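# Chains, contacts and geometry: an overview
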Amino acid sequence: MTNAELIEKAKKTMENAYSPYSQLRVGAALLTASGDVYTGCNVENASYGATICAERTAILKAVSEGERSFDRMAIVSSSNEHTYPCGLCLQVLAEFMYDGTLVFDSETKGIAEIPVKDCLPKKFNL
């Protein structure tokens, strides 16, 4: 699957985001090693700690279906700029795809790829 195709899947799922507080809709599309794609959007809550980001939604959906090997994740937002994962998401991404790649899209900057390990070089490990 190309980066452009993965980005389109992320954009489509971004439409389902529930973001009444930040007004920032985020979509993610996660490509597994087997070629399946799991998507996620952000779901906010008045109790901010109960909010879940698009990246974790996609990872949790995939893991709950038995997937453990991931190659790439496309992340898009309604800002139309590169939108990077928060610290919580980076830790979850590092747990499951430290050697994977994040793909971002922007109207002004185009497509960018960044290895997860470059985003969180010192991940928490037991």
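A brief report on the enclosed structure follows. Bear in mind that the values here come from a model prediction, so they are computed numbers and not experimental data.

### Quick notes on a nonpolar patch on the surface
A cluster of nonpolar residues, Tyr18, Tyr21, Val43 and Tyr48, forms a patch on the protein surface that exposes about 440 Å² of accessible area. Looking at where tyrosine 18 falls in the secondary structure, it is placed in the loop between α1 (3-14) and β1 (26-32).

### Considering the environment of asparagine 16
Within the element layout of this structure, asparagine 16 appears in the loop between α1 and β1. The class of asparagine 16 is exposed, set by a relative accessible area of 58%. C-alpha of asparagine 16 to C-alpha of glycine 27: the two residues are 11 residues apart in sequence and 8.3 Å apart in space.

### Let's talk about unusual backbone geometry
Backbone geometry at glutamine 23 places phi at a positive 65°, although glycine is not the residue there. Relative to the helices and strands, glutamine 23 resides in the loop between α1 and β1. At asparagine 80, a residue that is not glycine, the phi angle is positive and equals roughly 60°. Looking at the element boundaries, asparagine 80 is found in the loop between β3 (70-77) and α3 (87-97).

### A few points about the side chain of arginine 72
Note that arginine 72 resides in strand β3. With no salt bridge to any partner, buried arginine 72 finds its closest opposite charge in glutamate 113, at an N-O distance of 6.1 Å. A polar side-chain atom of arginine 72 sits 2.6 Å from a polar atom in the side chain of asparagine 3. Contacts of arginine 72, omitting those with residues within four sequence positions, involve Met1, Thr2, Asn3, Leu6, Ala29, Leu30, Leu31, Met97, Thr101 and Val103.

Calculation rules
Residues numbered from 1 in each chain as written. Predicted model: local features only at pLDDT ≥ 70, side-chain atom pairs only at ≥ 80, totals over all residues. Heavy atoms only, no water. Patch = residues over 30% accessible without salt bridge, like charges linked within 9 Å, V, L, I, M, F, W, Y side chains within 5 Å. Areas by Shrake-Rupley, 256 points an atom, 1.4 Å probe, with all protein chains shown as cover. Salt bridge = Lys/Arg side-chain N within 4 Å of Asp/Glu carboxyl O. Helix = DSSP H or I, 4+ residues; strand = E, 2+ residues; numbered from the N terminus. Buried < 20%, exposed > 50% of the residue type's maximum accessible area, 1.4 Å probe, protein only. Lys, Arg positive; Asp, Glu negative; His and termini not counted. Polar contact = N/O pair within 3.5 Å; in protein donor to acceptor, adjacent residues only side chain to side chain. Contact = heavy atoms within 4.5 Å.

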